[in-house]
Amino acid sequence: MSKLNAMNIVFLTSICLASFSVLAMSNDDSDGRGKGRGEGRTPPQEAIDACNSKAEGEEVTFTTPRGHEVTGVCTTKGDLFVAVPNDRNKNRGRRPDDNQQN
């Protein structure tokens, strides 16, 4: 193997390792804020607390960290027993005062 080919292999291997490291860091959830939009998001603690001592399918109301009052149904999602909002897409990501018409 020539010296040039060996250097190319080392260079490409280094690039691959660096890429995998960046990808692994981007999935880190150590700050406790959840995963962001999409699958695997962590529900707010309020949605979990709302279902304490409740039954599967029971309707509950809780207030989100952003101040929304949400009505949902207690459901098992993976390892969690959590309130799933009745209308999950309504006002997603908005503060209560953002709902005013312009």
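Residues numbered from 1 in each chain as written. Predicted model: local features only at pLDDT ≥ 70, side-chain atom pairs only at ≥ 80, totals over all residues. Heavy atoms only, no water.

A. Here's a closer look at the environment of Asp49. Mapped onto the elements of the fold, Asp49 is located in helix α2 (residues 45-49). Classification of Asp49 by relative accessible area gives partly exposed; the value is 39%. Along the primary structure Asp49 and Val82 are separated by 33 residues, whereas in three dimensions their C-alpha atoms are 7.7 Å apart. (Helix = DSSP H or I, 4+ residues; strand = E, 2+ residues; numbered from the N terminus. Buried < 20%, exposed > 50% of the residue type's maximum accessible area, 1.4 Å probe, protein only.)

B. Representation of the sheet that holds strand β3 (residues 80-85) within the structure. Ordered in space as β1-β2-β3, the three strands form an open sheet in which the pairing is antiparallel. Sheet topology places β1 (59-63) and β3 at the edges, where each strand pairs with a single neighbour. Neighbouring strand axes in the sheet, compared pairwise and without regard to direction, differ in orientation by 50° on average. Bridge count between β1 and strand β2 (residues 69-77): five bridges; the pairing is antiparallel. Paired with Phe62 across the two strands is Val70, which belongs to β2. (Pairing = 2+ DSSP bridges. Axes fitted to C-alpha atoms, helices over the stretch in contact; angles between N-to-C directions.)

Geometric values such as these leave the question of function open.
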